[in-house]
Amino acid sequence: MRKPLLLGLLLLSTTASAATWEYASFVIWNAKSGEKVFFWNTPDETGKAKRTQGDKLEAISTGSGCNVKPQGQKVMNERDLFQCFGARGWELVTTDSESLSAVTVKTYWFKRAGK
């Protein structure tokens, strides 16, 4: 009698704790020429991939729904944007960096609880 009861409780706790996650990435392309391009890749309301890109962080801020205004400085930085992502429920999971001959690519991976 105890084995079926324990198995049932284990299955119940496993299905109850299953979470759905949304994933996003923030990518910075640094060209050796000095050019920078930013990308914010996230699911849209229907779950399909949505990409926002620009050569200034303000474009990502607006495209991601953050609309961050820099505090005490004239130019927005990554920290301002990451704080907004956090306020919107995004949690930084990991980072990756790759150097190629003409460009360095930094990728920041985020997750948040699904809707």
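As shown above, the structure is provided for reference.
To keep things clear, this report deals only with the structure shown in the data block. If you're wondering where the values come from, they're calculated on a predicted model, not measured in any experiment. (Residues numbered from 1 in each chain as written. Predicted model: local features only at pLDDT ≥ 70, side-chain atom pairs only at ≥ 80, totals over all residues. Heavy atoms only, no water.)

1. A word on the overall build of the chain
At step 1: When helices and strands are tallied, the chain shows 3 helices and 5 strands.
At step 2: Taken from N to C terminus, the helices and strands of the chain fall in the order α-β-β-β-α-α-β-β.
At step 3: For the chain, the residues scored as buried account for 29% of the 115 residues in total.
At step 4: A fraction of 40% describes how many contacts in the chain between residues 6 or more apart in sequence connect residues 24 or more apart.
At step 5: If you sum the accessible surface of the chain, you get close to 8200 Å²; carbon and sulfur atoms cover 56% of it. (Helix = DSSP H or I, 4+ residues; strand = E, 2+ residues; numbered from the N terminus. Buried < 20%, exposed > 50% of the residue type's maximum accessible area, 1.4 Å probe, protein only. Contact = heavy atoms within 4.5 Å. Areas by Shrake-Rupley, 256 points an atom, 1.4 Å probe, with all protein chains shown as cover.)

2. Some points on the pattern of salt bridges
Side chains carrying opposite charge are able to pair once their charged atoms draw close together.
At step 1: In total, this model carries 1 salt bridge according to the counting rule given.
At step 2: The salt bridge partner of E22 is R112, with a shortest N-O separation of 2.7 Å. Remark: R112 occurs in strand β5 (residues 103-113) and E22 occurs in strand β1 (residues 21-31); sequence separation between them is 90 residues.
At step 3: Looking at R112, the relative accessible area reads 13%, which means it is buried. (Salt bridge = Lys/Arg side-chain N within 4 Å of Asp/Glu carboxyl O.)

3. Some thoughts on the environment of K106
At step 1: Relative to the elements of secondary structure, K106 occurs in strand β5.
At step 2: Once the C-alpha coordinates of K106 and T95 are considered, the two residues, 11 residues apart in sequence, prove to be 7.3 Å apart.
At step 3: Not counting the four nearest positions on each side in its chain, K106 is found in contact with F26, V27, I28, D96 and S97.

4. Brief notes about the sheet that holds β1
At step 1: As summarised here, the arrangement of the 5 strands in space is β3-β2-β1-β5-β4, forming an open sheet in which the pairing is antiparallel. At either end of the open sheet lies a strand with only one pairing partner, and these are β3 (49-54) and β4 (91-99). The mean inter-strand angle of the sheet, taken between neighbouring strand axes irrespective of direction, is 15°.
At step 2: Here β4 pairs with β5 via 8 bridges, running antiparallel. Residue pairing in the sheet places L92 in a bridge with F110 of β5.
At step 3: Together, β1, β2 (36-43) and β5 form the strand contacts of helix α3 (residues 78-87), whose direction differs from that of β1 by roughly 170°. (Pairing = 2+ DSSP bridges. Axes fitted to C-alpha atoms, helices over the stretch in contact; angles between N-to-C directions.)

In short, shape yes, function no, at least from these values alone.
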